[in-house]
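Architecture and fold: a report
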Amino acid sequence: MTLLYGVLGVKQRPVSYKPLTILGIETSCDETAAAVVRGIAPGPGEILSNIVFSQTEAHAPYGGVVPEIASRAHLEILDSIVEQALDEAKITFGELDGIAATAGPGLIGGVMVGLTTAKALALGAGKPLIAVNHLMGHALTARLTHGVAFPYLLLLVSGGHCQLLGVGGAHDFRLYGSTIDDAVGEAFDKTAKILGLPYPGGPSVEQAARNGNPRAYDLPRPLLNRRDRADFSFSGLKTAVRQLAQQDISVNDACASFQGAVIDILRDRTQIAMAMFRRDFSTGNAFVLAGGVAANQAIGAALAKLCKEEEFITRIPPPRLCTDNAAMIAWVGVEQLTDTAAGDALSVSPRARWPLATGPI
Ligand code: KG4
Ligand code: ZN
């Protein structure tokens, strides 16, 4: 493989201390995205373009993402999204330092489309390829936006993940707790479906909760006050919403009560993780909230209040960079282009599962 790429002229990873310009590609779920980012670790970086095509309309009739529809839609539109990203950034392939693409975790068909396209572009343009862990994209976004230095405490809350991690470096993730059942975004999506709200669920539940009373219904808060680990559980909460929905209820009050329970759980678990982080690291006082659910303003405000009490500094990327995008993938490219541990990305296979703790492929 290495010999083949040598013949085709793929460049070796450069050792560079100048800002790098990277094209990022993201196709792991239902957003087809491409972006061009320029920067150098620890950031902040410059987003030259950030194109996100959301497939929401295609999946809405099914109330959730249909993998086959997603991969076909990525295939149809990715080329033109990449072109748009380069045009908007006023960058040619020749001016790029590298191409970064999500290699997992995610829906395997979509990941294949993005990664294969990136491999072809890297080969064609003679540029290095960086195979990116999507979760690392979310985890490092606060460096792109705010230049947050290592170490920091991270709460990663998305459609498929809910984890509290101590981040000591780009390859040093210490797991303090994770969900033992559903992810928090999944709980938002299922709650929306149960209550008859439109897909995608998170934003609709947040919107309805604005006009509801969070104390209207008493919903469970599983694992609250567990001191040994910062784990989460959301499936009991979802079941309680399902039972509640069989009665004559106010949807706004149900959403507010659900969101209130989620906030109590996230606050309690984060407080435990803060103590674990302090035991692990002698420096660092930043708390980073990342992933799609970090776009929720009520959750952000509640966790910012906790940070004030616990003397942490809150760093939350803007909503557009919390939900899936390719700028975060390009940023991981910036951080990893010179990283010899990242290996030969052209021989990397797409991965449906790829926990953060396992490091590069
Ligand atoms: O990170 P993301 O865009 O995709 C994954 O990698 O999963 O996260 C998507 C999740 C969905 O479950 C969506 O409902 C949730 O983030 N989400 C929200 C909000 N915006 C998106 N959840 C609560 N409130 C929001 N405003
Ligand atoms: Zn995501």
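Now for a quick tour of the structure. All values derive from a computational prediction rather than experimental measurement.

**Some remarks on the overall build of the protein chain**
Along the protein chain, the regular secondary structure elements total 12 helices and 10 strands. For 361 residues, the compact-globule estimate of 2.2 N^0.38 gives 21 Å, and the C-alpha radius of gyration of the protein chain, at 20 Å, lies within 12% of that figure. Dimensions of the protein chain, computed from the C-alpha atoms along their principal axes, are close to 65 × 50 × 30 Å. In the protein chain, which comprises 361 residues, the proportion classed as buried is 54%. Restricting the contact set of the protein chain to residue pairs at least 6 apart, pairs at least 24 apart contribute 76%. Accessible area of the protein chain: about 14,900 Å², with a carbon and sulfur share of 53%. Each charge sign in the protein chain was given a centre, from 30 positive and 34 negative side chains, and these centres are 5 Å apart.

**Overview of the environment of Leu156**
On the secondary structure map, Leu156 appears in strand S6 (residues 152-157). Given a relative accessible area of 0%, Leu156 falls into the buried group. Between the C-alpha atoms of Leu156 and Asp280, which are 124 residues apart in sequence, the distance is 19 Å. In contact with Leu156, not counting residues within four places along its chain, are Leu135, His138, His161, Cys162, Gln163, Ala290, Gly291 and Leu356.

**Brief notes about the coordination of the zinc ion (ligand 2)**
Tetrahedral coordination by four donors sets the ideal angle at the metal to 109.5 degrees; octahedral coordination by six donors sets it to 90 or 180 degrees. Every protein donor of the zinc ion (ligand 2) is accounted for by His134 (NE2), His138 (NE2) and Asp324 (OD), and the metal-donor separations fall at 2.1 to 2.2 Å. Read N to C, the donor residues that coordinate the zinc ion (ligand 2) are spaced as H-x3-H-x185-D. In this pair, His134 sits in helix H5 (residues 134-146) while Asp324 sits in the loop between helix H11 (319-322) and helix H12 (327-336), placing the two residues 190 residues apart along the sequence. By the burial criterion, His134 is buried, and Asp324 matches it.

**Re helix H7 (residues 201-209)**
Counting buried positions over the 9 residues of H7 gives 7, a clear majority of the element. Along H7, the positions that sit buried rather than exposed are Gly201, Gly202, Ser204, Val205, Glu206, Ala208 and Ala209. Where the residues of H7 are buried, they touch helix H6 (184-194), helix H9 (251-280) and helix H10 (297-310).

**Thoughts on the pattern of salt bridges**
For the coordinates displayed, the defined rule picks out 15 salt bridges. Where Asp172 meets Arg174, a salt bridge forms, and the shortest distance between an N and an O atom there is 3.0 Å. Taking relative accessible area as the criterion, Arg174 reaches 29% and is therefore assigned partly exposed. With a closest N to O distance of 3.6 Å, Glu206 and Arg210 form a salt bridge. Residue classification places Glu206 among the buried positions, given a relative accessible area of 10%. Overall, the relative accessible area of 51% leaves Arg210 in the exposed class. Taken together, the shared-partner salt bridges connect Asp172, Arg174 and Asp280 into one network.

**A word on the sheet that holds strand S9 (residues 286-290)**
Spatially, the 5 strands line up as an open sheet ordered S8-S7-S6-S9-S10, and their pairing is mixed. Two strands close off the open sheet at either side, each with one partner strand: strand S8 (172-178) and strand S10 (313-315). Between one strand axis and the next, the sheet turns through 25° on average, direction left out of account. Relative to S8, strand S7 (residues 162-169) runs antiparallel, the two being bridged by 6 bridges. Within S8, the residue paired with Gly166 across the bridge is Arg174. The strands touched by H10 are S6, S9 and S10; relative to S9, the strand with the most contacts, the crossing angle is about 170°.

**Thoughts on the side chain of Asn325**
As for its placement among the helices and strands, Asn325 is situated in the loop between H11 and H12. A distance of 3.2 Å separates a polar atom in the side chain of Asn325 from the backbone oxygen of Leu321. One polar contact links the side chain of Asn325 to the main-chain amide nitrogen of Met328, over a distance of 2.8 Å. When residues no more than four places from it in sequence are discounted, the contact partners of Asn325 are Glu26, Ala33, Asn50, Val52 and Arg320.

What counts as what
Residues numbered from 1 in each chain as written. Chains lettered and ligands numbered in written order. Predicted model: local features only at pLDDT ≥ 70, side-chain atom pairs only at ≥ 80, totals over all residues. Heavy atoms only, no water. Helix = DSSP H or I, 4+ residues; strand = E, 2+ residues; numbered from the N terminus. Rg over C-alpha atoms; globule rule 2.2 N^0.38 Å. Buried < 20%, exposed > 50% of the residue type's maximum accessible area, 1.4 Å probe, protein only. Contact = heavy atoms within 4.5 Å. Areas by Shrake-Rupley, 256 points an atom, 1.4 Å probe, with all protein chains shown as cover. Lys, Arg positive; Asp, Glu negative; His and termini not counted. Charge placed at Lys NZ, Arg CZ, Asp CG, Glu CD. Donors = N, O, S within 2.8 Å, 3.2 Å for Na, K, Ca; no water. Salt bridge = Lys/Arg side-chain N within 4 Å of Asp/Glu carboxyl O. Pairing = 2+ DSSP bridges. Axes fitted to C-alpha atoms, helices over the stretch in contact; angles between N-to-C directions. Polar contact = N/O pair within 3.5 Å; in protein donor to acceptor, adjacent residues only side chain to side chain.

Treat this as a map of the structure, not an account of what it does.
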